[in-house]
There are 2 protein chains.
Amino acid sequence: MAIRPAEQLIHKAAWLYYAHGLRQDQVASQLKISRASVAMYLRKARETGIVNISTSTQLFTDDVLARQLEDALKLDAVWIAPENDYVADPSTDIAVLAASVFLELVKKGDRIGVAWGRTVYTIADIMSYADLQDVTVVQLCGNLGAPYSYRPDQCTMEIARRLNAKGINFYAPLVLTTEELARGLRAEPVIREQLSSIHECDLALYSVGTVDADSHVVKCGALTAEEMGALRKAGAAGVIAGQIIDAEGKALDCSYNRRVISAELSSLRKIEKRLMVVQEDSKFEPLIAAITGGLCTHLVVGARMARRLLDHAGPAAEKAS
Amino acid sequence: MAIRPAEQLIHKAAWLYYAHGLRQDQVASQLKISRASVAMYLRKARETGIVNISTSTQLFTDDVLARQLEDALKLDAVWIAPENDYVADPSTDIAVLAASVFLELVKKGDRIGVAWGRTVYTIADIMSYADLQDVTVVQLCGNLGAPYSYRPDQCTMEIARRLNAKGINFYAPLVLTTEELARGLRAEPVIREQLSSIHECDLALYSVGTVDADSHVVKCGALTAEEMGALRKAGAAGVIAGQIIDAEGKALDCSYNRRVISAELSSLRKIEKRLMVVQEDSKFEPLIAAITGGLCTHLVVGARMARRLLDHAGPAAEKAS
DNA sequence: CACGGCTCTCGACAAAAGTCAAACAGACTC
DNA sequence: GAGTCTGTTTGACTTTTGTCGAGAGCCGTG
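Because the structure is a prediction, the values reported are computed rather than measured. (Residues numbered from 1 in each chain as written. Chains lettered and ligands numbered in written order. Predicted model: local features only at pLDDT ≥ 70, side-chain atom pairs only at ≥ 80, totals over all residues. Heavy atoms only, no water.)

How would you summarise the overall build of chain A if you had to cite specific residues and measurements?
Broken down by element type, chain A carries 16 helices and ten strands. A compact globule built from 321 residues should have a C-alpha radius of gyration of about 20 Å, and chain A, at 22 Å, falls within 12% of that. Its C-alpha atoms give chain A principal-axis dimensions of about 70 × 50 × 30 Å. Residue burial in chain A is summarised as follows: out of 321 residues, 54% are buried. (Helix = DSSP H or I, 4+ residues; strand = E, 2+ residues; numbered from the N terminus. Rg over C-alpha atoms; globule rule 2.2 N^0.38 Å. Buried < 20%, exposed > 50% of the residue type's maximum accessible area, 1.4 Å probe, protein only.)

Next comes the structure, spelled out in structure tokens:
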């Protein structure tokens, strides 16, 4: 397959069509090919990120609510997806917004840490393609062996593919059976190096998980529902990158956390931009915990959740002032 | 006119169409308006920069020639527009390319210095709209009083308008009749401040002018053809932001330069990214002078000019190594 | 309160873009 | 050297989008 001429043609077609504003038939005659081919090239150009079509996410930050939340929660930026409005599925809207925001935050040369979960995978799945140079996407936590559809490595690789970036996977299980084994594995040079380089990321993308029987970590088998119940009694408030956090956003002192291979929360906090995306209303408490723990600087939520957060933070803020 | 709801609708339409990928009729039914209105909103969204369509300029840097030039001339980046190829007017192609490159180089929060001339105005004119926040566009040199079509303030304002940025004009003439008056004016706090803040720019956009009777500065009446002839004999090699430079790219020691109100070359050199765009083949010597003087880090030229530059620099580079 | 002048909106038509099956061209295998 | 497989190109067709003039709503003004 002659890859070069094809690539060139795609670039030229995209250039003439999008930058010069020619029509497809004009491009076709310039390039001496059929218009149908031009249409195909243009589709490829869009799919591979040679052309970038992005909408301003301004609309969602212009919102007064977003500004109030930024102040109340001391966050760098908040985006709020309108809910029960004109879009069929509100949670899709949040993911679409999150994908746009994410793409807006990524810069050339960045190193990006990606966690996992349904939310992250949904974002990856609808994210448009881009052609960022020198971007590296790293996995923030260990893997699940099971054939589970939102596996950490899948999330990482899919996002890397979309950005035309390098994806670095984490070849270790998320959770091990004994603390000793986990300690040993963390000490392995390969793993050690990867874990210690996480704080060098410029941007992190994650969501937060609940700590009930429906929790992601339970459904994927990392914990049983009973174990989760016990952890909950012990103060578990949420899940970040596979780790259990308490209401203060600190790693819970428990056997499970000691058996997990994942980025340390302190490393995560060193990442400049921490983009947290929450789709479900049920994640209110976990989200509060994550924010309290400083695990989030940029936030994408739905309107209902935003109002709840403000109701929660508002009184506290008033008290403080 | 209710400006708010209209703006909101444009945003929503753009969002549903470009981010969610709905069809226009679907957007129309969601928003409960006619499809024709949706089409109109989308056009407005594109025209105001609410949506951004940008093509990768990769194609033009991938060129071997561009790489060779970068090395030979010690430039940060070079883009080469293919000439006598498939596009009708090669100089338009250079301007289109320059506009894309320019938009790619601009970041949020940047301060941009803009000079003037036909090239700069052409670029401004075909540049697509963008919605950058907190961008400031400043004029690099004084103004022409005459109703001339590529006036410095017009260049600045047009680019500011396209970027949805703040434009800061320079309310002083480009050239005065006496050196004394120029000194006095430069000492004025308003002017002084503006001149001294130029080195804080993150990006500069300019071209270079010739020093013959056809020169821009002659045509707009800043200099007579005779004066220009004399300056040429005295070593003038090009014009940058209204100032005459010699073959070394230094400001020529002459009365004219002392009567000009413009950014000092040393300030220009402090700007991190100096994007120089040259359309005409006749500007070879002036361009060499500008590059020699370190007034250019990013360059956009046509293929013919690129080859001439390489022929010129190539032997010298070989001699050096 | 009727009158231009203004913009916004809509329906209908024309133009442009997307899609598909079939033909085709290379590369590789046997 | 024929056969197969994969990926590209094309013409014909369908769907989607752009545009234009007519009409509707909305102000300030006389």
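Please set out the packing of helix 2 (residues 24–31) of chain A against helix 3 (residues 35–47) of chain A residue by residue, giving values where relevant.
Residues and elements named next belong to chain A. In the contact formed by helix 2 and helix 3, the axes pass within 8 Å of each other and the chain directions differ by 105 degrees. In terms of axis orientation, helix 2 runs roughly perpendicular to helix 3. Side by side, helix 2 and helix 3 meet where Gln24, Asp25, Val27 and Ala28 of the first sit next to Arg35, Val38, Ala39 and Leu42 of the second. Within the contact of helix 2 with helix 3, the residues separate by chemical class into five nonpolar, one polar and two charged. (Axes fitted to C-alpha atoms, helices over the stretch in contact; angles between N-to-C directions. Parallel < 35°, antiparallel > 145°, perpendicular 65-115°, else oblique. Contact = heavy atoms within 4.5 Å. Nonpolar A, V, L, I, M, F, W, Y, C, P; charged D, E, K, R; others polar.)

Give me the lowdown on the packing of aromatic side chains, citing residues and values where you can.
Following the criterion strictly, the structure yields two aromatic pairs over all chains and no others. Here the aromatic rings of A:Tyr17 and A:Tyr18 are separated by 4.8 Å at their centres, their planes lie at 90 degrees, and the arrangement is edge-to-face. Stacked on the ring of B:Phe284, the Lys or Arg B:Arg308 has its end atom at 4.2 Å from the ring centre. (Phe/Tyr/Trp six-rings, centres within 6.5 Å; stacked < 30°, edge-to-face > 60°. Lys NZ or Arg CZ within 6 Å of the ring centre and 35° of its normal.)

Describe the sheet that holds strand 5 (residues 166–168) of chain B, naming the residues involved and giving the relevant values.
Residues and elements named next belong to chain B. The strand order 2-10-9-6-3-4-5 describes an open sheet built from seven strands, whose pairing is parallel. The open sheet has two edge strands, strand 2 (77–81) and strand 5, and neither has a second partner. Taking the axes of each pair of neighbouring strands and ignoring which way they run, one obtains an average angle of 20 degrees across the sheet. One ladder, built from three bridges, connects strand 4 (residues 136–139) with strand 5; its direction is parallel. Following the sheet pairing, Val138 is matched in strand 5 by Ile168. Here helix 7 (residues 118–126) sits on the sheet in contact with strand 3 (111–114), strand 6 (203–206) and strand 9 (273–277), set at roughly 110 degrees to strand 6. (Pairing = 2+ DSSP bridges.)

Break down the interface of chain B and chain A for me, with residues and values.
The interface is formed by 33 residues belonging to chain B together with 33 residues belonging to chain A. When chain B packs against chain A, the two sides together hide about 3000 Å² of surface, and 62% of this comes from carbon and sulfur. At the junction of chain B with chain A, the criterion picks out two salt bridges. A salt bridge links A:Glu104 to B:Lys108; the nearest nitrogen and oxygen atoms lie 3.9 Å apart. Taken together, the links from chain B to chain A amount to eight residue pairs in polar contact (both at pLDDT 80 or more). Across the side of chain B that touches chain A, the residue classes tally to 15 nonpolar, eleven polar and seven charged. (Buried area = accessible area lost by both parts, 1.4 Å probe. Salt bridge = Lys/Arg side-chain N within 4 Å of Asp/Glu carboxyl O. Polar contact = N/O pair within 3.5 Å; in protein donor to acceptor, adjacent residues only side chain to side chain.)

Give a description of the relation of the copies chain B and chain A that names residues and reports values.
The transform that puts chain B on chain A rotates by 179 degrees and translates by 0.1 Å along the axis, for an RMSD of 0.1 Å. The transformation relating the two chain copies, once decomposed into turn and shift, fits a two-fold axis. Considering only C-alpha atoms, the residue of chain B closest to the rotation axis is B:Ile53, which sits at 2.2 Å. Of all interface residues in chain B, 97% are interface residues in chain A too; the two copies therefore contact each other through one and the same surface. (Least-squares fit on C-alpha atoms with pLDDT ≥ 70 in both.)

Tell me about the protein's contact with DNA strand D, and please be specific about residues and values.
Close contacts around DNA strand D come from 16 residues, with A:Ser34, A:Tyr41, B:Arg23, B:Gln24 and B:Arg35 the closest. Atoms of DNA strand D within 4 Å of the protein belong to the sugar or the phosphate in 63% of instances, the rest to bases. A distance of 2.4 Å separates a phosphate oxygen of DNA strand D from a polar atom in the side chain of B:Gln24. One nitrogen or oxygen atom from the side chain of B:Arg35 is found 2.7 Å from a base nitrogen belonging to DNA strand D. Of all the secondary-structure elements, those providing two or more residues to the surface near DNA strand D are helix 3 of chain A together with helix 3 (35–47) of chain B. (Near = heavy atom within 4 Å.)

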